[in-house]
Amino acid sequence: MYQKQLFILIVNVKMGLFYFCNYKGINILKNLEIKLSLPMELNDPFEFYPYDENDSTDHFEIYQKAGYGLVYYLSMCSDYKNPRVWSNYADNHNGFMIEFDTDSEPFNKFKSNGKMFDIDYETNERVHVSLLNEDQNSYFCELAKRKGSDWKEEKEVRFFLASCWIQEMGLSIRDTIINNKIIFLMKISKESILSVTYGYRMPINSRVAIAYLVNKLKSKIKIFEALPDGNSFRSTRKQLKKR
């Protein structure tokens, strides 16, 4: 008598972090560079804004401007299904999403140095100005970690960098001028890109241009398209075949 055996195959699917962008994000694939943001570019004006109960005036711009050229950040998301994130950061679903592997360069360098962290929405308080007396970089790092609880649905993960760490971490960063504005760009590896996902409203010609660049990179990058998730208002994605 033969005994039936049940074999269960466990497939480890690597999931990364998600970066939402409009069509101009195609330059990430074209040049293998990603833009680093500055404190003054945060979409919440009260971020990077310490609290001082003895200060009756608004000095938040002083702190945000103090970080210019000294500190940079890069924001990603751990949830690709939130339609609000698609709307806010991917041109109202006309843009696309890039999935990055945080175990690949250069993101692994942030991870191993404790400079990649989940945003703290629970504290829901700005950092007190008195902490500035301890260590400037640690203070700026703490400022970068906190965000108001109203933003918690974004599930943001942030990469934080002080200019004095660039050489030590072995990062390649350059500045350039676009539309009379200084932009800081960080070099990434093609191995760090796990997938791209077309927004639900992304035009066909934009999809074709992205697919062309993905094929040109000759890597294992997967291509998906965003779709409604069943009868819910959230998004899911479907993998497409490369041509």
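See above for the structure.
Keep in mind that this is a model prediction, so the values were computed, not measured.

According to the stated counting rule, one finds one cavity of 30 Å³ or more in the structure shown. In this structure, the largest cavity occupies an estimated 40 Å³ of space. Lining the largest cavity, in full, are Pro39, Leu42, Phe48, Val71, Tyr72, Tyr73, Ala144, Arg158 and Phe160. With three residues, strand S3 (residues 71-77) is the largest single contributor of residues to the lining of the largest cavity. Class assignment of the residues belonging to the lining of the largest cavity gives a composition of eight nonpolar, no polar and one charged.

Among the structural elements, Tyr121 can be located in the loop between strand S5 (116-118) and helix H5 (136-145). Spatially, the C-alpha atom of Tyr121 lies 6.3 Å from that of Arg146, the residues being 25 residues apart in sequence. Not counting chain neighbours up to four residues away, the residues in contact with Tyr121 comprise Lys147, Gly148, Ser149, Trp151, Lys152, Glu154, Lys155 and Glu156. Within the local environment of Tyr121, its side chain forms a polar contact with the backbone nitrogen of Glu156, the two atoms lying 2.9 Å apart.

Let us look at the packing of aromatic side chains. For the structure on display, the rule yields eight aromatic pairs. Geometrically, the ring pair formed by Phe107 and Phe159 is tilted, given 5.4 Å between the ring centres and 55° between the ring planes. Taken together, the residues Phe107 in helix H4 (residues 107-112) and Phe159 in strand S6 (residues 156-162) connect sequence positions 52 residues apart. Across the pair, Phe159 and Phe107 agree in class, each one buried. Directly above the aromatic system of Tyr80 lies the positively charged group of Arg237, at a separation of 4.6 Å from the ring centroid.

Moving on, we get to the sheet that holds strand S7 (residues 173-178). The three strands lie next to each other as S2-S8-S7, forming an open sheet whose pairing is antiparallel. Where the open sheet ends on each side, the last strands, each with one partner, are strand S2 (33-36) and S7. Neighbour-to-neighbour, the strand axes of this sheet turn through a mean angle of 40°, independent of strand direction. Both S7 and strand S8 (residues 181-187) contribute to a ladder of six bridges, which runs antiparallel. Pairing of Thr176 across the sheet is with Ile183, part of S8.

Criteria and cut-off values
- Residues numbered from 1 in each chain as written.
- Predicted model: local features only at pLDDT ≥ 70, side-chain atom pairs only at ≥ 80, totals over all residues.
- Heavy atoms only, no water.
- 1 Å grid on protein atoms, 1.4 Å probe; cavity = no way out; pocket = protein on both sides within 12 Å on 5 of 7 lines; lining within 4 Å.
- Points joined across faces, edges and corners; volume = space filled by probe spheres on them.
- Helix = DSSP H or I, 4+ residues; strand = E, 2+ residues; numbered from the N terminus.
- Nonpolar A, V, L, I, M, F, W, Y, C, P; charged D, E, K, R; others polar.
- Contact = heavy atoms within 4.5 Å.
- Polar contact = N/O pair within 3.5 Å; in protein donor to acceptor, adjacent residues only side chain to side chain.
- Phe/Tyr/Trp six-rings, centres within 6.5 Å; stacked < 30°, edge-to-face > 60°.
- Buried < 20%, exposed > 50% of the residue type's maximum accessible area, 1.4 Å probe, protein only.
- Lys NZ or Arg CZ within 6 Å of the ring centre and 35° of its normal.
- Pairing = 2+ DSSP bridges.
- Axes fitted to C-alpha atoms, helices over the stretch in contact; angles between N-to-C directions.

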